[in-house]
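Observations on the three-dimensional arrangement
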Amino acid sequence: PSVFKWLSLASLLIYVAAFSIGLGPMVWLVLSEIFPAGIRGRAMAITSSVNWGANLLISLTFLTVIESVGLPKVLFIYAFLCLMSAIFTIMFVPNTKGQSLEQISKQLSDRSYMKKAICCAVTIPKTHVPSELLNNKQGSQLL
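Residues numbered from 1 in each chain as written. Predicted model: local features only at pLDDT ≥ 70, side-chain atom pairs only at ≥ 80, totals over all residues. Heavy atoms only, no water.

**Digging into the overall build of the chain**
The number of helices and strands found in the chain is seven helices and zero strands. The secondary structure elements of the chain, listed N-terminal to C-terminal, are α-α-α-α-α-α-α. Put simply, 37% of the contacts in the chain that link residues at least 6 apart link residues at least 24 apart. (Helix = DSSP H or I, 4+ residues; strand = E, 2+ residues; numbered from the N terminus. Contact = heavy atoms within 4.5 Å.)

Have a look at this one:
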């Protein structure tokens, strides 16, 4: 039985470490990129509040839900929600690696992006670069 205690602790530590370098910071990274600069502060405050509110709701109801439906069903529900989150991320969150905030803003404002993502018939272009940025050879910021 002592081995199971240490195995449980090791499993928990591995889970926390994997979450911290995987999906954990993704929410904060995506939120910091998707909002335009003019509303970024307020939008981050609202979405952070909703995120922490959802965390509080799950924490407050977890034991009650386990008592009513059982632990295996609750964990399957959470696994299903994680799967749906992964599918949503793959389908609707664009790859922003190596792009400036202006390029990301242009890509997210492109209405055809959502149609392409929903239909899955056309591949999504990797970058949408505004012509002003292409012609700006000095690399200075545009106002």
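**Some details on the packing of helix 3 (residues 40–69) against helix 4 (residues 71–92)**
It is at 7 Å that the axes of helix 3 and helix 4 come closest, and there the two elements cross at 130°. Considered as vectors, helix 3 and helix 4 are oriented oblique to each other. On helix 4, the residues that touch I58, F62, V65, I66 and V69 of helix 3 are L71, K73, V74 and Y78. Grouping the amino acids of the contact of helix 3 with helix 4 by side-chain chemistry returns eight nonpolar, no polar and one charged. (Axes fitted to C-alpha atoms, helices over the stretch in contact; angles between N-to-C directions. Parallel < 35°, antiparallel > 145°, perpendicular 65-115°, else oblique. Nonpolar A, V, L, I, M, F, W, Y, C, P; charged D, E, K, R; others polar.)

**With respect to the confidence of the model for the chain**
Considering every residue of the chain, the mean pLDDT works out to 79; 76% of them sit at 70 or more. Considering each helix and strand of the chain separately, the mean pLDDT is smallest for helix 7 (residues 131–135), with a value of 55, and largest for helix 3, with 92. (pLDDT = per-residue confidence, 0-100.)

**Side note on the side chain of E33**
Of note, E33 is situated in helix 2 (residues 26–34). If near-sequence neighbours (up to four positions away) are discounted, E33 is found in contact with T96, L101, I104 and L108.

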